[in-house]
Amino acid sequence: PNGTLSKKLKMLPQVLKERGFRTIGFIGNPHGGAAALGLDRGYDECVQVYALDKLKGKRATLKVTKYPAPLPEDITEQIFARLPGLARNGQFAYIHYLQPHIPYDPPQKYIDQLDPDRLGRCRCGGMKWADLRGRFDEANESGRASAATIDHMAAHYRANIRYMDDGLAALFEQLKKHDLYDHSLIILTADHGDAFFK
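Everything numeric here is computed off the predicted structure, so don't read it as measured data. (Residues numbered from 1 in each chain as written. Predicted model: local features only at pLDDT ≥ 70, side-chain atom pairs only at ≥ 80, totals over all residues. Heavy atoms only, no water.)

### Some points on the overall build of the protein
1) Next: In terms of helices and strands, the protein carries six helices and three strands.
2) Next: Its helices and strands in sequence order give the protein the pattern α-α-β-β-α-β-α-α-α, from N to C terminus.
3) Next: Buried residues in the protein amount to 38% of all 198 residues.
4) Next: Nonlocal contacts in the protein, meaning residues at least 24 apart in sequence, comprise 64% of its contacts between residues at least 6 apart.
5) Next: Carbon together with sulfur atoms contributes 52% to the accessible area of the protein, which is approximately 11700 Å² in total. (Helix = DSSP H or I, 4+ residues; strand = E, 2+ residues; numbered from the N terminus. Buried < 20%, exposed > 50% of the residue type's maximum accessible area, 1.4 Å probe, protein only. Contact = heavy atoms within 4.5 Å. Areas by Shrake-Rupley, 256 points an atom, 1.4 Å probe, with all protein chains shown as cover.)

Structure (structure tokens):
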């Protein structure tokens, strides 16, 4: 938005903080909480997981931002470390997972779940994301892709969704363990999906 206007608008963490909430953010995508963009306003603590030194060289790099792409367990590790200090009331946590999002490279077990014949080969033919990435970029730039490329991409995307589902299940289990789940309002949302030309 317009720079002057965006400085006047209050972000949700700012509004809640003014009303006495402790606010914390766990950010997996630099476009969702970058301090340079002012997106960390209003947080008592904003953990920019994508910028953690421990992820450099260990995670695939996002082409657009040049930051590592944190996995669900990278985000939940930061959350789990802080759970014992969170109270039942008066807390606001914004958790921004990157998945399902490129790179579509979940652990192999999630890709294997898409094997319809249980023959040990994903319906996408077992192609790795590293090999598929060039085709993905070309398809997005040209608006054209072969049926095989679309099948490959869609399979990796679905596998990534399953991976994220398990990440959320682990988070919810920890909230229950710390007696926070039944005292929480949980809102799940997404900014977009991928249609893969269908």
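### Considering the pattern of salt bridges
1) Next: In the structure shown here, the tally under the stated rule is six salt bridges.
2) Next: Across the salt bridge formed by lysine 56 and aspartate 53, the nearest N and O atoms sit 2.9 Å from each other.
3) Next: Look at lysine 56 and you get exposed, because its relative accessible area is 52%.
4) Next: Accessibility expressed as a relative area gives 59% for aspartate 53, which makes it exposed.
5) Next: Here the salt bridges share partners, and the residues they tie into one network are Arg22, Glu45 and Arg82. (Salt bridge = Lys/Arg side-chain N within 4 Å of Asp/Glu carboxyl O.)

### Side note on the sheet that holds strand E1 (residues 22-27)
Strand pairs in the sheet, formed through backbone hydrogen bonds, run parallel or antiparallel to each other.
1) Next: Taken in spatial order, the three strands of this open sheet run E2-E1-E3, and their pairing is parallel. The sheet is open, and its two edges are formed by strand E2 (45-48) and strand E3 (91-96), each paired on a single side. Each adjacent strand pair in this sheet contributes to an overall mean axis angle of 5°, direction not counted.
2) Next: Each of E1, E2 and E3 touches helix H3 (residues 72-82); the most contacted strand, E1, lies at about 155° to it. (Pairing = 2+ DSSP bridges. Axes fitted to C-alpha atoms, helices over the stretch in contact; angles between N-to-C directions.)

### What about the packing of H3 against helix H6 (residues 147-177)?
The description of two packed helices rests on the angle between their axes and on the distance between the axes.
1) Next: Following both chains from N to C, one finds H3 and H6 inclined at 10°, their axes separated by 10 Å at the closest point. If you check the angle between H3 and H6, you find them roughly parallel. Touching Pro72, Glu73, Thr76, Ile79 and Phe80 of H3 are Tyr163, Met164, Gly167, Ala170, Leu171 and Gln174, all from H6.
2) Next: Partitioning the contact of H3 with H6 into residue classes produces seven nonpolar, three polar and one charged. (Parallel < 35°, antiparallel > 145°, perpendicular 65-115°, else oblique. Nonpolar A, V, L, I, M, F, W, Y, C, P; charged D, E, K, R; others polar.)

### Details of unusual backbone geometry
1) Next: The omega angle of the peptide bond from glutamine 99 to proline 100 is -5°, so this bond is cis rather than trans.
2) Next: Inspection of the secondary structure assignment puts proline 100 in the loop between E3 and helix H4 (108-112).
3) Next: For the bond running from isoleucine 102 to proline 103, omega is 5°, close enough to zero to count as cis.
4) Next: Structurally, proline 103 is set in the loop between E3 and H4.
5) Next: Residue aspartate 179 is not a glycine yet carries a positive backbone phi of 55°.
6) Next: Note on placement: aspartate 179 falls in the segment after H6.
7) Next: The class of aspartate 179 is partly exposed, set by a relative accessible area of 32%.

### Some details on the confidence of the model for the protein
1) Next: The share of residues in the protein with pLDDT of 70 or more is 89%, and the mean pLDDT across the chain is 83.
2) Next: By mean pLDDT, the top-scoring element of the protein is H3 (94), and the lowest-scoring one is helix H1 (residues 3-8) (56). (pLDDT = per-residue confidence, 0-100.)

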